[in-house]
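Secondary and tertiary structure notes
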Amino acid sequence: MKVDKNFLFILIGRVLQAGISILTIRIMTTVLAKDEIGSQYLIQSIILWFSLVLINPFGMFINRHVHEWFQSNQLVSALKKMNAYFLGVGIVSIPIVYFAKEVLSIGANQSTVSVMVLVFLYIYLSTWFQTLTSFFNLFNYQKHFVFLNISSQALGLIFAYGLTIEFQMSAFYWMLGLLVGQFASLLMAFLFLRQNQYFNSKTQINAKLNIFTKETLHFCLPVALATVFMWFQTQGYRLIIEKSSGVELLAILGVSLGVAASLASIVESLATQYLYPKYYAQISNVSLDSRKQAWQLIWRAAISIYIPSAIAVMAVSSIVLKILTGPVFHMYGSFVAAGACLELFRQLTNIVYLVSHSEKKTAGNILPYFAGSLILLLGLIYRYYFSVISLNWIILLLISAYFITLLLNSFVAFRLASIRFYFFQMLQITMMCIPVLLLRPYLESISITSVVLSCLIGLYSLGVMFYFLKKIDFK
């Protein structure tokens, strides 16, 4: 069978991106102090609120219509409207961040001006980078897409390290360096687009195009509501932790869960790159029963991949943390294991969400994310006023919130399509993988024995994956 070159480019690119992300964590935890790492995660959470709630829904609308605008020779006009929107969100962020810093005392150990500058620049420049690079993928320029994403991460890491070493080992210079890498790649993206027909002013007219309509609002509003609660589960709770327990505790949590997320992203990139094209090819213009069958195939494949990989990360969490982070974080391997559990719930939730997406009925997904966020919020408020917010309590709340979100999304999916979840297969996979956790006590330090055992755990987990994947009949 001939291998699709575009598939290989994107596949290799995503693996390299995950590798650079892991290297970034290693270098960051070596050069920055705990409080600066915590501040970095806090500022990142603020930026992601604007990105997820105000930018992401509009970005999804853009991706949905970009081909239509190109075919009607209105792409340049659309880009001008997008520029006005991105700039507007960036300007709106300035008083909001000022209020959060000066009135709510969020991020007290960072200067107000530095936080406002970072948030504004990330909203405007990083959004443009992500938008333009996504066009390459949408218009089947995968080589450019892969190159730009890898170059932005690699250059960002180089500049972040250089600025922190040269000027100050602070969150501000670290994040500024990462942004410089994106800006450099943004300039390359702009030059690439200028060289082809998609961005050529001679073929694109400046006809009037009104993007900001009721149609846009109806498309974006449900997505924005769901992402508000999604943001709180993944990022927003950090603001409460910083306020109650300080940035050092936030640093421990961010690094531990970040390592688990980076490892999960490698597996998820490989899985989705293989599974999603097959799934989307099978749900186009077919009956509900055919879409149901297509989803059940991708679900069986997903649990065959995600469950073994998550349990393997739980087993090797301590040694992985020692390899991938600085010495001050080496004692928190159990939180990486908890992070692997969280990532498993998140990955499975994303697969369940595909049912609502394929049926074009996403409003029902607002409630599951709201319920998960409410559990997390109430749990944090309770401990804030009546006790102490500890790391163990935060992890327990996160696991509960992610699980409830997965459970309720599953109910929504079942109601839409009466799908099967193959609980017996999930139990079989889990029971076959659970024994590797018995080796965890022998993987607390770096040695030849621990490295060999870790490799054996990885090979065993791969064996379990392939055993169950072979039972699935992909057409």
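So, here's what we can say about the structure.

Conventions and cut-offs
Residues numbered from 1 in each chain as written. Predicted model: local features only at pLDDT ≥ 70, side-chain atom pairs only at ≥ 80, totals over all residues. Heavy atoms only, no water. Helix = DSSP H or I, 4+ residues; strand = E, 2+ residues; numbered from the N terminus. Rg over C-alpha atoms; globule rule 2.2 N^0.38 Å. Buried < 20%, exposed > 50% of the residue type's maximum accessible area, 1.4 Å probe, protein only. Contact = heavy atoms within 4.5 Å. Areas by Shrake-Rupley, 256 points an atom, 1.4 Å probe, with all protein chains shown as cover. Lys, Arg positive; Asp, Glu negative; His and termini not counted. Charge placed at Lys NZ, Arg CZ, Asp CG, Glu CD. Expected span 1.5 Å × (residues − 1). Axes fitted to C-alpha atoms, helices over the stretch in contact; angles between N-to-C directions. Left-handed = near helix turned anticlockwise from the far one by under 90°. Nonpolar A, V, L, I, M, F, W, Y, C, P; charged D, E, K, R; others polar. Salt bridge = Lys/Arg side-chain N within 4 Å of Asp/Glu carboxyl O. 1 Å grid on protein atoms, 1.4 Å probe; cavity = no way out; pocket = protein on both sides within 12 Å on 5 of 7 lines; lining within 4 Å. Points joined across faces, edges and corners; volume = space filled by probe spheres on them.

Another aspect to go through is the overall build of the protein. For the protein, the count of helices and strands is 14 helices and zero strands. The linear arrangement of helices and strands in the protein, starting from the amino end, is α-α-α-α-α-α-α-α-α-α-α-α-α-α. Against the 2.2 N^0.38 benchmark of 23 Å for 475 residues, the protein shows a C-alpha radius of gyration of 23 Å, consistent with a compact globule. Each principal axis of the C-alpha distribution contributes one length, and for the protein these read about 65 × 55 × 45 Å. For the protein, the proportion of its 475 residues judged to be buried stands at 52%. In the protein, the share of contacts with a sequence separation of at least 24, taken over all contacts with a separation of at least 6, comes to 82%. Of the roughly 22200 Å² of accessible surface on the protein, a fraction of 68% belongs to carbon and sulfur atoms. Here the protein contributes 31 positive and 15 negative side-chain charges, whose respective centroids are spaced 9 Å apart.

Let us now look at helix α11 (residues 366-386). In a regular helix each residue adds 1.5 Å, so 21 residues correspond to 30 Å; α11 covers 30 Å between its end C-alpha atoms and thus fits that length. The set of residues buried in α11 consists of Ile 366, Pro 368, Tyr 369, Ala 371, Gly 372, Ser 373, Leu 376, Gly 379, Leu 380 and Arg 383.

Now for the packing of helix α5 (residues 142-166) against helix α6 (residues 171-194). Running from N to C, α5 and α6 cross one another at 150 degrees; their axes reach a closest spacing of 7 Å. Between α5 and α6 lies a crossing of right-handed hand. Tallied by class, residues from the contact of α5 with α6 come to 17 nonpolar, nine polar and no charged.

Let us look at the pattern of salt bridges. Scanning the entire structure with this criterion turns up two salt bridges. Between Arg 346 and Glu 268 there is a salt bridge whose closest N-O contact spans 2.7 Å. Separated by 78 residues along the polypeptide, Arg 346 in helix α10 (residues 333-358) and Glu 268 in helix α8 (residues 247-282) bring together distant segments of the chain. Residue Glu 268 is classed as buried on the basis of its relative accessible area, which comes to 14%. Here Glu 343 ties to Arg 346 by a salt bridge, and the two come within 2.7 Å at their closest N and O atoms. One end of the pair, Glu 343, and the other, Arg 346, are both in helix α10, three residues apart, so they sit about a helical turn from each other.

Turning our eyes to something else, we now look at the environment of Lys 101. Residue position: Lys 101 is located in helix α3 (residues 75-102). Linking Lys 101 and Pro 308, residues 207 residues apart in sequence, is a C-alpha distance of 43 Å. If near-sequence neighbours (up to four positions away) are discounted, Lys 101 is found in contact with Ile 106, Gly 107, Ala 108, Gln 110, Ser 111, Thr 112 and Val 115.

Moving on, we come to empty space enclosed by the protein. One pass over the structure, following the stated rule, counts three cavities of 30 Å³ or more. Computed from the structure, the largest cavity encloses a volume of approximately 80 Å³. Together, Ala 260, Leu 263, Ala 264, Val 267, Ser 309, Ala 310, Val 313, Ala 340, Glu 343, Leu 344 and Gln 347 line the largest cavity. When residues of the lining of the largest cavity are traced back to their parent elements, those giving at least two are α8, α9 (288-324) and α10. Of the residues that constitute the lining of the largest cavity, the class distribution is eight nonpolar, two polar and one charged.

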